[in-house]
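Structural characterization, general
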Amino acid sequence: MEDKIKDTVKQVLTEYLEKNGHRKTPERYAILDTIYSIKGHFNIETLYQQMAEKERFRVSRATLYNTIILLIDAGLVIKHQFGNTSQYERSYNNETHHHMICTSCGKVSEFEDESLKQAVSDSKLKGFQVSHYSLYVYGLCSKCISKRKKKK
């Protein structure tokens, strides 16, 4: 299943690059492959380290940033802005999920809620066709709540 997804996203990237007159470089495909090996969110630094360690593939951070922009435009990666940090996740074949962000420590957790999904799909948004959505819930995680209680 995972290999089938990787083959599909490579094809999507190839079509996007050809359509937009971009070069098909091995770096771009290696970055895509690494991203689709990561479960959940990542930032550029995490991606950079994974490329260096696991893939044994040296790419500059500038190349990563530029490729991420291409992959967002191609619909293969989603960018999230959690507070003052940018995180990314793969978008192809990714189940709709929601995010809880701790306003104290910055921890991001994912959760799924069928009633929320149903509420969004039941919403009639006039003159608008929904393709996907993100829901961010801000508050305090259990660790930060415990820390605050101990301080009091």
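See above for the structure.
Residues numbered from 1 in each chain as written. Predicted model: local features only at pLDDT ≥ 70, side-chain atom pairs only at ≥ 80, totals over all residues. Heavy atoms only, no water.

Geometrically, a packed helix pair is captured by the angle between its two axes and the distance between the axes. One can describe the packing of helix 2 (residues 26-35) onto helix 3 (residues 44-53) by two numbers: an axis separation of 10 Å at closest approach and a directional angle of 105°. In this view, helix 2 runs roughly perpendicular relative to helix 3, as classed from their interaxial angle. In this structure, helix 2 uses Ala30, Ile31, Thr34 and Ile35 to contact helix 3, whose residues at the interface are Leu47, Gln50 and Met51. Here the contact of helix 2 with helix 3 is built from residues that sort into five nonpolar, two polar and no charged. (Axes fitted to C-alpha atoms, helices over the stretch in contact; angles between N-to-C directions. Helix = DSSP H or I, 4+ residues; strand = E, 2+ residues; numbered from the N terminus. Parallel < 35°, antiparallel > 145°, perpendicular 65-115°, else oblique. Contact = heavy atoms within 4.5 Å. Nonpolar A, V, L, I, M, F, W, Y, C, P; charged D, E, K, R; others polar.)

The next thing to look at is the packing of aromatic side chains. By the definition in use, this model includes one aromatic pair. A cation sits over an aromatic face here: Arg61 above Tyr48, 3.8 Å from the ring centre. (Phe/Tyr/Trp six-rings, centres within 6.5 Å; stacked < 30°, edge-to-face > 60°. Lys NZ or Arg CZ within 6 Å of the ring centre and 35° of its normal.)

Before going further, it helps to examine the nonpolar core. Of all hydrophobic cores here, the largest spans 26 residues; its most connected members are Ile31, Ile35, Leu47, Leu64, Leu71 and Leu76. Listing elements by their share of this core, those giving two or more residues are helix 1 (2-20), helix 2, helix 3 and helix 4 (61-73). Apart from residues no more than four positions distant in its own chain, Leu76 is found in contact with Val9, Val12, Leu13, Leu32, Tyr36, Leu71, Arg90, Ser91 and Tyr92. (Core = buried A, V, L, I, M, F, W, Y, C linked by side-chain atoms within 4.5 Å. Buried < 20%, exposed > 50% of the residue type's maximum accessible area, 1.4 Å probe, protein only.)

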